[in-house]
Amino acid sequence: FWVKDNNENVNVASITIGKMALAVPAQSGTLTYTGSAQSPKWDSNYKTTYMTLGGTTSGTNATSYNATFTLKDTSNTQWNDGTTAAKTVAWTIGAKSISGSDITMTLGTTTYTYDGSAKKPTVTVKDTTRNVTLTSGTDYTLAYSNNTNVGTATATITGKGNYKDTKSANFTINAATVTIPSS
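Residues numbered from 1 in each chain as written. Predicted model: local features only at pLDDT ≥ 70, side-chain atom pairs only at ≥ 80, totals over all residues. Heavy atoms only, no water.

(A) Representation of the sheet that holds strand E6 (residues 51-55). The 3 strands are arranged E6-E7-E9 in an open sheet whose pairing can be described as antiparallel. Two strands lie at the open edges of the sheet, namely E6 and strand E9 (87-92), each paired on one side alone. Pairwise comparison of adjacent strand axes, ignoring direction, gives a mean angle of 30° for this sheet. Where E6 lies against strand E7 (residues 64-71), 5 bridges are found, and the strand directions are antiparallel. Counted as the bridge partner of Gly54 is Thr68 from E7. (Pairing = 2+ DSSP bridges. Helix = DSSP H or I, 4+ residues; strand = E, 2+ residues; numbered from the N terminus. Axes fitted to C-alpha atoms, helices over the stretch in contact; angles between N-to-C directions.)

(B) Quick look at the packing of aromatic side chains. Within this structure, the stated rule accounts for 6 aromatic pairs. Arranged with centres 5.6 Å apart and planes meeting at 75°, the rings of Tyr33 and Tyr163 form a pair that is edge-to-face. Taken as a pair, Tyr33 in the loop between strand E4 (27-28) and strand E5 (41-42) and Tyr163 in strand E17 (residues 163-164) lie far apart in primary sequence, 130 residues in all. Given a relative accessible area of 7%, Tyr33 falls into the buried group. Residue class for Tyr163 comes out buried when judged on its relative accessible area of 2%. Measuring from ring centre to ring centre gives 5.7 Å for Tyr112 and Phe171, while their planes differ by 70°; the resulting arrangement is edge-to-face. (Phe/Tyr/Trp six-rings, centres within 6.5 Å; stacked < 30°, edge-to-face > 60°. Buried < 20%, exposed > 50% of the residue type's maximum accessible area, 1.4 Å probe, protein only.)

(C) Quick look at the environment of Lys47. You can see Lys47 is positioned in the loop between E5 and E6. For Lys47, a relative accessible area of 36% gives the class partly exposed. In this structure the C-alpha to C-alpha distance between Lys47 and Val24, which are 23 residues apart in sequence, comes to 9.7 Å. Looking at Lys47, its side chain comes within polar contact range of the main-chain oxygen of Ser44, at 2.9 Å. (Polar contact = N/O pair within 3.5 Å; in protein donor to acceptor, adjacent residues only side chain to side chain.)

(D) Seen up close, the sheet that holds strand E13 (residues 123-127). Read from one edge to the other, the open sheet built from 3 strands follows the order E11-E13-E14, with strand pairing classed as antiparallel. A single partner strand is all that each edge strand has here, and the edge strands are strand E11 (103-107) and strand E14 (132-133). With 5 bridges joining them, E11 and E13 adopt antiparallel strand pairing. By the bridge assignment for E13, Ile103 is matched with Asp127.

(E) View of the pattern of salt bridges. Within the structure shown, the criterion is met by 4 salt bridges. Among the ionic pairs, Lys96 bridges to Asp102, the shortest N-O distance being 2.7 Å. For the pair formed by Lys96 and Asp102, the shared burial category is buried. For the salt bridge of Asp127 with Lys96, the shortest nitrogen-to-oxygen distance reads 2.9 Å. Of the two residues, Asp127 is situated in strand E13 and Lys96 in strand E10 (residues 96-97); the sequence distance between them amounts to 31 residues. For the pair shown, Asp127 and Lys96 are each scored as buried. Within this structure, Lys96, Asp102 and Asp127 form a network of salt bridges that share partners. (Salt bridge = Lys/Arg side-chain N within 4 Å of Asp/Glu carboxyl O.)

(F) Geometry of the nonpolar core. Ranked by size, the top nonpolar core spans 31 residues in total, and within it Trp91, Ile98, Met105, Leu107, Val123, Val125 and Ile157 carry the most contacts. If you list the elements that add at least two residues to this core, you get E7, E9, E11, E13, strand E16 (151-159) and strand E18 (166-174). A total of 4 residues in this core trace back to one element, the largest contributor, which is E7. (Core = buried A, V, L, I, M, F, W, Y, C linked by side-chain atoms within 4.5 Å.)

(G) Quick look at the side chain of Gln38. Relative to the elements of secondary structure, Gln38 occurs in the loop between E4 and E5. For Gln38, the side chain forms a polar contact with the main-chain oxygen of Thr32, separated by 3.0 Å. Apart from residues no more than four positions distant in its own chain, Gln38 is found in contact with Leu31, Thr32, Tyr33, Thr57, Ser58, Gly59, Trp91 and Ile93. (Contact = heavy atoms within 4.5 Å.)

In short, geometric facts, not functional conclusions.
This is the structure:
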């Protein structure tokens, strides 16, 4: 453009306008497994005017997913690192805690009589929020401790897959009654 000073001198100046630099969006907040499809919220760097969202934008299971952000106009915009290629951004759905009050653990038998063998009561685990019975080996693992001798024994479930953490329930092994015959 032209600039005229008080002495009637004309100077020519040029202005170079560079590309707008944009930050790559990231997941905002956390998602926890619910059994239903969920989509992440993105931070304030997600500008729909300048970029599109693709890749995996919805998921159900507790795992990591990849979304892709693509610039709409690479002639006038670029990422903060100076590139214009699409950016892949990981987002996650976290596992649900099995130790929460909405996960119930019920033992089939809570009292045994000592006979020298290990006691392993059946265990039913329910996610009451989802109204489903969880599956051993898929949703949790099951372990027993102190379950042979007289006293308090424990069944412990440990979350797996879409679940995490542990929950325990106790059961009792009572002393056997010994009858001594009279002579």
